[in-house]
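Close look at the chain arrangement
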Amino acid sequence: MTAVDATGARALGSPVRGGLRLAVYLLWTLLLVPVQALAVAVRSPLRFRIPRFYHRVCAAILGIGVVVRGERATDGPVLFVSNHSSYLDITVLGSVIPGSFVAKSEVAGWPFFGALAKLQQTVFVERKARSGVEKQRDELGARLDAGDSLILFPEGTSSDGNRTLPFKTALFAVAARRIGERPLTVQPVSIAPTRLDGIPMGIAFRPCYAWYGDMDLAPHLWTVFTLGRMTVEVEFHPPVTIDGFSSRKALADHCQRAVARGVERAVSGKPPPTVVP
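Not measured: the values here are computed from a predicted model. (Residues numbered from 1 in each chain as written. Predicted model: local features only at pLDDT ≥ 70, side-chain atom pairs only at ≥ 80, totals over all residues. Heavy atoms only, no water.)

What follows covers empty space enclosed by the protein. This model, assessed by the stated rule, comprises 1 cavity of 30 Å³ or more. Approximately 70 Å³ is the volume found for the largest cavity. For the largest cavity, the lining is made up of 13 residues, of which Arg69, Glu233, Glu235, Gly262 and Ala266 are closest to its centre. Elements supplying a minimum of two residues to the lining of the largest cavity: β8 (185–196), β10 (230–236) and α9 (248–268). (1 Å grid on protein atoms, 1.4 Å probe; cavity = no way out; pocket = protein on both sides within 12 Å on 5 of 7 lines; lining within 4 Å. Points joined across faces, edges and corners; volume = space filled by probe spheres on them. Helix = DSSP H or I, 4+ residues; strand = E, 2+ residues; numbered from the N terminus.)

Below, the discussion takes up the confidence of the model for the protein chain. Across the protein chain, the average pLDDT comes to 89, with 91% of residues at or above 70. Scored below 50 in pLDDT, residues 1–8 shows 17 contacts in the model against residues more than four places distant or in partner chains. (pLDDT = per-residue confidence, 0-100. Contact = heavy atoms within 4.5 Å.)

Ile64, Leu88, Leu93 and Met230 are the most contacted members of the largest nonpolar core, which has 40 residues in total. Of all the secondary-structure elements, those providing two or more residues to this core are α2 (15–41), α3 (46–62), β2 (78–82), α4 (88–96), β8, α8 (217–226) and β10. Per-element accounting of this core gives the leading share, 6 residues, to α3. Counting residues in each nonpolar core, the second largest holds 23 residues, with Val81, Leu152, Val186 and Ile242 among its members. (Core = buried A, V, L, I, M, F, W, Y, C linked by side-chain atoms within 4.5 Å. Buried < 20%, exposed > 50% of the residue type's maximum accessible area, 1.4 Å probe, protein only.)

A grouping of Leu22, Leu26, Phe112 and Trp222 is seen on the molecular surface, where their side chains present a nonpolar patch of about 330 Å² in accessible area. Tracing the backbone shows Leu26 in helix α2. Leu26 gets classed as partly exposed once you look at its relative accessible area, which sits at 37%. (Patch = residues over 30% accessible without salt bridge, like charges linked within 9 Å, V, L, I, M, F, W, Y side chains within 5 Å. Areas by Shrake-Rupley, 256 points an atom, 1.4 Å probe, with all protein chains shown as cover. Salt bridge = Lys/Arg side-chain N within 4 Å of Asp/Glu carboxyl O.)

The subject of this paragraph is the layout of surface pockets. What the largest pocket holds in volume is close to 900 Å³. Lining the largest pocket we find 40 residues, and of these Tyr87, Ile90, Val107, Trp110 and Phe113 sit closest to its centre. For the lining of the largest pocket, the elements supplying multiple residues, two or more each, are α2, α3, α4, β3 (100–104), α5 (113–119) and α8. Broken down by element, the lining of the largest pocket gets its largest block of residues, 6 residues, from α3. Considering only residue class, the lining of the largest pocket consists of 26 nonpolar, 12 polar and 2 charged. (Nonpolar A, V, L, I, M, F, W, Y, C, P; charged D, E, K, R; others polar.)

Following this line, the structure appears as structure tokens:
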């Protein structure tokens, strides 16, 4: 089943609402593109603030309510590692994290969205080229050295939103980098759509958010524009560094388990654990 084939999704959707949202989204994007392009060209500090503002408004336009749990690490550049189920993750995470995304190289060539990714200073990597791992590590390291926080999706692809796939470890090599005298901070982040118009989304309607497999982009995006209000939960887990682990694989496994537990809690409606000071 896909979101566009689900009769329930069609019943909930409103073409009028979809048309209005699409028009406002395009207008908002066209207004912000030249501003961000100028900020990037002159290397203004605003080039990192404008995308977050842009994504916050986009989330509101799309009817996405973002619920944040936990505390985002703010001390120095951070490598955020998250699960990935949809292009909407960019809007959700971009609205709460001031940073640039790490994306597969194919995204750079996508019409419209590729241009937006470049304006947000996305780092494009060739995930299938094992021979280029060192070069990609150095590219990521240079951005971190410059003080930029990065958002990485280590699954390497999008999932159905109900589970977390194993994390690929290659790009975790950058976690060995030291920023000044300190190891790089790595923070696991869970993201999960949980409600549609206040009703638990469940497996049946989670494909209205998740975009994966052979789903066509345009029909799925139109479904998103037409639907009611979605709630998406973002949970920031305790940050870690490579110094606490025997290898990058051990670090990746820890992050995957933390993220998977957060996703499981969100989709099952369980509350996050109480943190004792």
